[in-house]
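Chain residues, written in single-letter form:
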Amino acid sequence: MTASQAACLRTVLQVGHHLLDRGASALTAVEQAIRTLERSGLFNAGAGSRVQLDGVRRMDASIMEGQDLRAGGVASIEGMLHPITAARLVMEETDHVLLVGPMATTFAKHFRLERQRTSMPKRRVSYGTIFNQKQVARERHGTVGAVALDRFGTVVAGSSTGGIDGMLPGRVGDTPLIGCGVYADNQSGAVSMTGIGEGIIRIAMAKEICDRLDEGATPKTAVRHVLKKLVDRIHGSAGALVLTPDGRFAIRHSTPHMIAGYWTGDGEPVVKDSYG
Ligand code: ASP
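Keep in mind it's a predicted model, so treat the numbers as computed, not measured. (Residues numbered from 1 in each chain as written. Predicted model: local features only at pLDDT ≥ 70, side-chain atom pairs only at ≥ 80, totals over all residues. Heavy atoms only, no water.)

Caption draft 1: Layout of the overall build of the protein chain. In terms of helices and strands, the protein chain carries eight helices and eleven strands. Computed over its C-alpha atoms, the radius of gyration of the protein chain comes to 17 Å, within 12% of the 19 Å expected for a compact globule of 276 residues. Along the three orthogonal principal directions, the C-alpha set of the protein chain runs to about 50 × 45 × 40 Å. Within the span of the protein chain, comprising 276 residues, buried residues form 53% of the whole. Within the protein chain, residue pairs in contact and separated by at least 24 positions form 65% of the contacts whose partners lie at least 6 positions apart. Of the roughly 12,500 Å² of accessible surface on the protein chain, a fraction of 50% belongs to carbon and sulfur atoms. (Helix = DSSP H or I, 4+ residues; strand = E, 2+ residues; numbered from the N terminus. Rg over C-alpha atoms; globule rule 2.2 N^0.38 Å. Buried < 20%, exposed > 50% of the residue type's maximum accessible area, 1.4 Å probe, protein only. Contact = heavy atoms within 4.5 Å. Areas by Shrake-Rupley, 256 points an atom, 1.4 Å probe, with all protein chains shown as cover.)

Caption draft 2: Looking closely at the packing of helix H7 (residues 205–214) against helix H8 (residues 219–234). Relative orientation of the contacting elements H7 and H8 amounts to 140°, with a least axis distance of 9 Å. As summarised for this structure, H7 and H8 are arranged oblique, according to the angle between their axes. Crossing of H7 against H8: the hand is right-handed. In contact with Met205, Glu208, Ile209, Arg212 and Leu213 of H7, H8 contributes Pro219, Ala222, Val223, His225, Val226, Leu227, Lys229 and Leu230. Residues belonging to the contact of H7 with H8 are distributed by class as follows: nine nonpolar, one polar and three charged. (Axes fitted to C-alpha atoms, helices over the stretch in contact; angles between N-to-C directions. Parallel < 35°, antiparallel > 145°, perpendicular 65-115°, else oblique. Left-handed = near helix turned anticlockwise from the far one by under 90°. Nonpolar A, V, L, I, M, F, W, Y, C, P; charged D, E, K, R; others polar.)

Caption draft 3: Highlighting the environment of Gly23. If you trace the backbone, Gly23 turns up in the loop between helix H1 (3–21) and helix H2 (26–40). Considering only alpha carbons, one finds Gly23 and Gly162, 139 residues apart in sequence, at a separation of 31 Å. The contacts of Gly23, once residues within four sequence positions are left out, are Arg151 and Phe152.

Caption draft 4: Representation of the site of the ligand. Looking at the ligand, there are 14 residues lining it, with Thr143, Arg171, Asp174, Thr194 and Gly195 nearest. Measuring from a nitrogen atom of the ligand, one finds a side-chain N or O atom of Asp174 at 2.6 Å. Take Gly195: an N or O atom from its main chain is 2.7 Å from a nitrogen atom of the ligand. Burial of the ligand by the surrounding chains reaches 100%, relative to a free accessible area of 270 Å². Partitioning the shell around the ligand into residue classes produces two nonpolar, ten polar and two charged. (Near = heavy atom within 4 Å. Polar contact = N/O pair within 3.5 Å; in protein donor to acceptor, adjacent residues only side chain to side chain.)

Caption draft 5: Spatial organisation of a nonpolar patch on the surface. Together, Val97, Leu98 and Val100 give the surface a local cluster of nonpolar side chains, amounting to about 230 Å² of exposed area. Secondary-structure assignment places Val97 in the loop between helix H3 (83–93) and strand E3 (98–100). Since its relative accessible area comes to 41%, Val97 is described here as partly exposed. (Patch = residues over 30% accessible without salt bridge, like charges linked within 9 Å, V, L, I, M, F, W, Y side chains within 5 Å. Salt bridge = Lys/Arg side-chain N within 4 Å of Asp/Glu carboxyl O.)

Caption draft 6: Fine view of the packing of aromatic side chains. Tallying each qualifying case throughout the model produces two aromatic pairs. On the numbers, 4.7 Å between centres and 50° between planes, the contact of Phe249 with Tyr262 is tilted. Taken together, the positions of Phe249 in strand E9 (residues 249–253) and Tyr262 in strand E10 (residues 260–262) put the pair 13 residues apart, joining distant regions of the chain. Note on Phe249: relative accessible area 37%, which makes it partly exposed. Residue class for Tyr262 comes out partly exposed when judged on its relative accessible area of 29%. (Phe/Tyr/Trp six-rings, centres within 6.5 Å; stacked < 30°, edge-to-face > 60°.)

Have a look at this one:
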């Protein structure tokens, strides 16, 4: 973790907490936290997003709130600085949950969301080469996510990403998929995932962790069991932020590191790159 990443996370925690303290909803706190991370360019989301193999940035994001189980997401959106805001608009301004590709981009433009340059010089994709390179290094992640609980007892989870290294054009990961990359229910908890999306999708991890919370598991036990399932069954690799409506939380990962932080308002925000 670089010093600027740590400083950015501390700021995000302070801004989020300040908003909640002043009575803002968890939805606003999560959206604003993720917007700050997207804007920073320090993580793999928004301004810092990876490009796909054809040189184009296509980003994914989603957000869900636990009171009425409302959710919104965008996949393969291009040219936008804040995919998380596009996801919130899908949730609040449409009857749908997920918009994809050029039409997700058109939707965001309709709401005049701030834009960014998302394409490097376009590259021709040779599919033969790509399939031979299937095992390209996928160590660098950096998706951003947040969970929050507000004074009304509502939990919210959100996530935003530029994807993973070596992606085929059009690849979509877990991040915009409700139940995979995020889930939130005031009767169980809020979960935001990071890691290799292909594995997270196959286990439907965020919902699986919430189901275990619903059955009475602690956040730590719920996430530990589901991470173990991911590793044992499909050799996947992931990390999770988990928060319950009564304020218990856990941060755990099967990846070597996961840059994350939390703040309950006491003392200073905690920011670390590894959680046991
Ligand atoms: N989960 C994201 C994806 O697969 C990547 C990440 O978390 O870094 O697109």
